[in-house]
There are 2 protein chains.
Amino acid sequence: MKTLFKNINVVDVFNHEIKECDVLIDNDRIISIGKIDEIENMVDCKGKYMYPSFIDTHLHFESSQLRPSEYLKLAIAYGTTAFIADPHEITNVCGEDGIKFIKEDIKDIPADIKIMMPSCVPATPLEYNKVKIDADETIRLTKKYDLYGLGEMMDIIGVLNDDKEVLKKIKYFKDNNMIVDGHAPLMSGIFLDKYILAGMYTDHEVFTKEEALERVSKGMTVQIRNGSAAKDVEKVIKAVNKDNISSFVFATDDKEPEELASKGTIIDAVKKAIKSGIDKIDAIKIASLNGYRTYKLEKRGAIAIGYYANFIIAPDLEFNKNLEVYYMGKLVAKDNVSLFEIKNASILNVTSTVNIKKIELEDLKFNFDKSKPVMEIIPGSLITKKIYCKDDKELNRMYSIERHHKTGLIGKCFVKGFNLKNGAIAQTISHDSHNIIALGNDEKDILDVINALKTDGGIAIKVDGKITYLELDIAGLMSSKPYAEVIKKRHELLEATHKLSMNNKINPLMLLSFLSLIVIPDIKLTCNGLYSIIERKYIE
Amino acid sequence: MKTLFKNINVVDVFNHEIKECDVLIDNDRIISIGKIDEIENMVDCKGKYMYPSFIDTHLHFESSQLRPSEYLKLAIAYGTTAFIADPHEITNVCGEDGIKFIKEDIKDIPADIKIMMPSCVPATPLEYNKVKIDADETIRLTKKYDLYGLGEMMDIIGVLNDDKEVLKKIKYFKDNNMIVDGHAPLMSGIFLDKYILAGMYTDHEVFTKEEALERVSKGMTVQIRNGSAAKDVEKVIKAVNKDNISSFVFATDDKEPEELASKGTIIDAVKKAIKSGIDKIDAIKIASLNGYRTYKLEKRGAIAIGYYANFIIAPDLEFNKNLEVYYMGKLVAKDNVSLFEIKNASILNVTSTVNIKKIELEDLKFNFDKSKPVMEIIPGSLITKKIYCKDDKELNRMYSIERHHKTGLIGKCFVKGFNLKNGAIAQTISHDSHNIIALGNDEKDILDVINALKTDGGIAIKVDGKITYLELDIAGLMSSKPYAEVIKKRHELLEATHKLSMNNKINPLMLLSFLSLIVIPDIKLTCNGLYSIIERKYIE
């Protein structure tokens, strides 16, 4: 069916112009632009603007604690209609079932959603996650689930050391002309050269103008990140100019659901870029054409002939409310509300993922020993230090409990810096193996929050004798509930954390989720105990 | 083997910068850029410049009258190392054998040479060329010879009328994500929209700034043409600015050998663009990165990590002499001389292509009849007019002789405008069927030049009783001889044409080659007689 959008201000990202004209679409494609004779099915758009809908070039659904379909409802409502998603977290927990679930949950969503094959499951050979995915299995899963490329290659050491399995994984994607995403925080010079040479196209771990310019100069596309934690737009956008703009795209990486619901995803990056001095059409170009081209999604990212009718109609170029979002010629969202029906995939194979031996109070007991190392956290940082303490004043107890294979393994240590005086926290979000991590003083309280997680997993806080529990029944990472319910429950959790007496510079749930990740120095707690990244060994 | 280019001014087409640094290559790839420790195999390049080698995005080897390997010797010597070639002419004469020959002749040349499948063989259903290549045959040949895309789609009428065969041809390439080149002279508005929608990516038939901007706005890549006849750079470059530059590339389409030998191909376009006011780095970008990206030749077109070591080292950015051209890390040309060995393909299956019945003097006789139409040519144009004359003063005799199938068909007419007083010309270059076209007054002279073409074909001129003959033993279009010999013989031909007493505003050989092409209005001479494009019928 043909529809004519009459007298609309078309944003031309090729010529960098805005021109009032008519746009004719036929089903899913734009078929004519210019002065076009009136037809029956016609919308007068006088005064309105039409620009291409956006692409989020790198994201993890899991970070939102929402299932993909709920995440997409919100993201599409704000004008993003293409997503390059790396199901790294759920794959660490559920293996193949995780990938299968993600593919099924997005199946009927009106958007271009490309799923990458997670490159590092587990993140390191020492992880106790669900499964090990080697190069052969990586290739098998990629073929079986029609995955789009290789997700961010975090095994930098493997790449720099020519690790055979790592290079074999990458080779498959290079040979098949598929994208391999990078992850190269703080790298430069010959190390960066070697990393790029191995096959990585993109990097979203870019924090400064200088880092951006070096990557661009060497042939990479820089993914300017607008995450909930990592807010890089204002700094990195300073690297962008008229000459190098085609080497930049936007990504979100990790988004919390409150931000998704209130600000959307890429549109918020567009606004920030403009606020930082970037021209409006250039901001749209970074958010659309550049991303679609980098990810080889043809005939998308511009209002042009033969292009898919994926666009936004808005009353102005302010990127606020009153957007109409079209995908394949169909109106899929209006006024920041998605209009499409969702058929949720079954969670049967990705739920009840907490598989632990029954824990007794006795299992959690351990005594302070001043000869043993203590983990010190640094507010505002994911880096930790190995220290020794004279006594256990100002220390908290922390546990990492293996939860995939019912091994009964429990790592224990004292941690300094939280200064938690009351209550306890336990959660199944603990990168990248997502074992249970628990924090507190009183072993009984700690046992209570661990038990509160049940077999589903999630986040539990005990304070003032009351337990607040956010059930994350998908892999212990995401909720199967509608986003509004999840946001409400997260609000209760937030209130509970406010009742905790502790160092208020810390977001304890976020920080705890990184204290098992033996990638960031120095010492981290796994279910096998404290591990030093610098010393490359367990240190108890 | 590793080579270090020390202290070289690297042209960074991504960031639009020139920076002195070191470039390390390992065999065929660039593996590091920056400050690099000295190694044994090192070249001090202090003061020199390094920039990516060029790509010619659309060309026909046949126009040079040189075989591909000889053409490439010259083009590579001037810094072009990638070629998108459409063997349209030889395929009209030799069919599959023509494609096979081209593929074999380029086999060992150090350059990226992609052969397109000619889209229109024959150009119109009325042509008496060697073979008809329908959609199925197009697909078969594309697969068999690993062709890269569909050559310029000249059948505009077929596209606009939804001709099934034409759309079926295009569909195969679209479905396989392969390039389909356009050819859309003077098109605009809804006709251009329909043409683009059908699948055409590019257009080299662009003559003005406005035409360029419309095509860019609608999603096309504009191929700025620097041919020997069509010199479009100065006009079209005016459309290019910092915002839309990535939608422009360079092409040559048709080059004469003298220009190839003295000016090269794309480098000459670069110089003209700069002379017209384009920034030097931007000109390099159009000539390299933009073209490689449009034609999906990955890891080429920039001095960047993991990119193929295809570059030019020059003493300055003047694009003159003293170039060193590297392809895959090897020096392939120096000081405008190619350094590689050529293994010529056998011409056995593409030679002796003139297959005519013996022609008697009697066959060429015909009388003037003032009731019959006469073709009038217009100096400086390919357009002709249908006129009637009172007498045959100022008229010449013209013939089109079928030469593929020995049918004995001879089209005859009088032509006005050459004012040829002495001598005769015959040639086997006659677009697109490449039958013999002959011009003169005296039937005996005309028979002599026709017979001079023998079974090989070529160009023959008789003047002052002497015949000068350029043998074009490959399809009657190209010579199997080295370029220097061809250029020398062409010089003799030129001297012979200077001895002809005729309208000196006309290049008779060039013009004759278009007087059978029943695509450009109005009347043309085929072996079946005079045909009117406007009336769509034979008019005798």
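Our structure is the block above this text.
The model shown is predicted, which means the values in this text are computed figures rather than measured ones.

Novice: Can you help me understand the packing of helix α11 (residues 266-275) of chain A against helix α12 (residues 280-287) of chain A in this one?
Specialist: For any two helices packed against each other, the geometry comes down to the angle between their axes and how far apart the axes lie. Residues and elements named next belong to chain A. In contact at an axis separation of 9 Å, α11 and α12 are set at 145 degrees when each is read in the N-to-C sense. By crossing handedness, the relation of α11 to α12 is classed as right-handed. Only Lys-280, Ala-283 and Ala-287 of α12 make contact with α11, whose side of the interface consists of Ile-266, Val-270, Ala-273 and Ile-274. Across the contact of α11 with α12, the residue classes tally to six nonpolar, no polar and one charged.

Novice: For this particular structure, what's the right way to read the sheet that holds strand β12 (residues 221-225) of chain B?
Specialist: In a beta sheet, neighbouring strands are held together by backbone hydrogen bonds and run either parallel or antiparallel to one another. The strand order across the open sheet built from five strands is β9-β10-β11-β12-β13 (chain B), with neighbouring strands paired in parallel fashion. Only two strands of the sheet have a single partner each, and these edge strands are β9 (149-150) and β13 (248-251) of chain B.

Novice: How should I be thinking about the environment of Ala333(A) in this particular structure?
Specialist: Residue and element names in this part refer to chain A. Counting through the fold element by element, Ala-333 comes out in strand β16 (residues 330-334). Overall, Ala-333 belongs to the buried group, its relative accessible area being 0%. Once residues within four sequence positions are removed from consideration, Ala-333 is found in contact with Ile-76, Ala-77, Leu-323, Glu-324, Val-325, Ser-338 and Leu-339.

Novice: Is there a simple way to explain the pairing of strand β15 (residues 324-327) of chain A in this structure?
Specialist: The side chains of a regular strand alternate, first on one face of the sheet and then on the other. Residue and element names in this part refer to chain A. Where burial is concerned, the two faces of β15 agree: the one with Glu-324 and Tyr-326 and the one with Val-325 and Tyr-327 are both buried. Sheet topology places β15 next to β16; four bridges connect them, and they run antiparallel. Looking at the pairing, Val-325 lines up with Ala-333 of β16. Hairpin geometry of β15 and β16 is characterised by an intervening segment of two residues between the two adjacent antiparallel strands and by a positive phi of about 50 degrees at Met-328.

Novice: Is there a simple way to explain the relation of the copies chain A and chain B in this structure?
Specialist: The operation relating the pair of chain copies consists of a rotation about an axis and a translation along that axis. Each copy of the sequence occupies a distinct position, and chain A is placed on chain B by a rotation of 180 degrees and an axial shift of 0.0 Å, giving an RMSD of 0.1 Å. The operation mapping one copy onto its partner corresponds to a two-fold rotation axis. Relative to the rotation axis, the closest C-alpha in chain A is found at Lys242(A), a distance of 3.1 Å. When the interface residues of chain A are mapped onto chain B, 100% of them again fall at the interface, so both copies present the same face.

Novice: Please clarify how the packing of aromatic side chains should be interpreted in this entry.
Specialist: Residues and elements named next belong to chain B. Applying the stated rule across the entire model yields 24 aromatic pairs over all chains. Plain terms: the ring middles of Phe-368 and Phe-414 are 5.6 Å apart, the flat faces sit at 75 degrees to each other, and that makes the pair edge-to-face. Of the two residues, Phe-368 is situated in the loop between α14 (361-364) and β18 (374-377) and Phe-414 in strand β21 (residues 410-416); the sequence distance between them amounts to 46 residues. By relative accessible area, which is 23% here, Phe-368 ends up partly exposed. The exposure class of Phe-414 is buried, given its relative accessible area of 8%. Cation over ring: Arg-397 sits above Phe-366, and NZ or CZ is 4.7 Å from the ring centre.

Novice: Can you help me understand the environment of His404(B) in this one?
Specialist: Residues and elements named next belong to chain B. Of note, His-404 is situated in the loop between β20 (395-401) and β21. On the accessibility criterion, His-404 (7% relative accessible area) is buried. For His-404 and Ile-139, which are 265 residues apart along the polypeptide, the C-alpha to C-alpha distance reads 24 Å. Apart from residues lying up to four places away in sequence, His-404 is in contact with Asn-92, Val-93, Tyr-128, Asn-129, Lys-130, Asn-355, Ser-433, His-434 and Asn-435.

Novice: Please clarify how the packing of helix α4 (residues 135-144) of chain A against helix α6 (residues 164-175) of chain A should be interpreted in this entry.
Specialist: Residues and elements named next belong to chain A. Close contact between α4 and α6 brings their axes to 8 Å; oriented N to C, the two are set at 25 degrees. Classed by the angle they form, the pair α4 and α6 counts as roughly parallel. Pair α4 / α6 crosses with right-handed handedness. Of the residues in α6, those in contact with Ala-135, Asp-136, Thr-138, Ile-139, Thr-142 and Lys-143 of α4 are Glu-165, Lys-168, Lys-169, Tyr-172 and Phe-173. Of the residues in the contact of α4 with α6, the class split is four nonpolar, two polar and five charged.

Novice: Would you take a moment to explain the nonpolar core for this structure?
Specialist: One broad rule of soluble globular proteins: the nonpolar side chains tend to lie buried together. Within the largest apolar cluster, 294 residues are counted, with the highest numbers of intra-cluster contacts made by Phe418(A) and Phe418(B). Contact partners of Phe418(B), with chain neighbours within four places excluded, come to Ile377(B), Asn396(B), Leu439(B), Met502(B), Asn503(B), Ile506(B), Pro508(B), Leu511(B), Leu512(B) and Leu515(B). Cys389(A), Ala424(A), Leu453(A) and Tyr469(A) belong to the second-largest nonpolar core, a separate cluster that totals 24 residues.

Novice: Please explain the pattern of salt bridges as it appears in this structure.
Specialist: Two side chains with opposite charge may pair up if their charged atoms get near one another. Residue and element names in this part refer to chain A. According to the stated counting rule, one finds 74 salt bridges over all chains in the structure shown. Where Asp-105 meets Arg-67, a salt bridge forms, and the shortest distance between an N and an O atom there is 2.7 Å. Of this pair, Asp-105 sits in helix α3 (residues 96-105) while Arg-67 sits in the loop between β6 (54-59) and α1 (68-77), and the two are 38 residues apart along the sequence. As far as the burial class goes, Asp-105 and Arg-67 line up, both buried. Of the charged contacts, one joins Lys-144 and Glu-96 as a salt bridge, the two residues approaching to 2.7 Å between their closest N and O atoms. Here Lys-144, found in helix α4, pairs with Glu-96, found in helix α3; they are 48 residues apart in sequence, far enough to count as distant. The network of salt bridges with shared partners includes Glu-96, Glu-137, Arg-140 and Lys-144.

Here is what the cut-offs are and how they apply
- Residues numbered from 1 in each chain as written.
- Chains lettered and ligands numbered in written order.
- Predicted model: local features only at pLDDT ≥ 70, side-chain atom pairs only at ≥ 80, totals over all residues.
- Heavy atoms only, no water.
- Axes fitted to C-alpha atoms, helices over the stretch in contact; angles between N-to-C directions.
- Helix = DSSP H or I, 4+ residues; strand = E, 2+ residues; numbered from the N terminus.
- Left-handed = near helix turned anticlockwise from the far one by under 90°.
- Contact = heavy atoms within 4.5 Å.
- Nonpolar A, V, L, I, M, F, W, Y, C, P; charged D, E, K, R; others polar.
- Pairing = 2+ DSSP bridges.
- Buried < 20%, exposed > 50% of the residue type's maximum accessible area, 1.4 Å probe, protein only.
- Least-squares fit on C-alpha atoms with pLDDT ≥ 70 in both.
- Phe/Tyr/Trp six-rings, centres within 6.5 Å; stacked < 30°, edge-to-face > 60°.
- Lys NZ or Arg CZ within 6 Å of the ring centre and 35° of its normal.
- Parallel < 35°, antiparallel > 145°, perpendicular 65-115°, else oblique.
- Core = buried A, V, L, I, M, F, W, Y, C linked by side-chain atoms within 4.5 Å.
- Salt bridge = Lys/Arg side-chain N within 4 Å of Asp/Glu carboxyl O.

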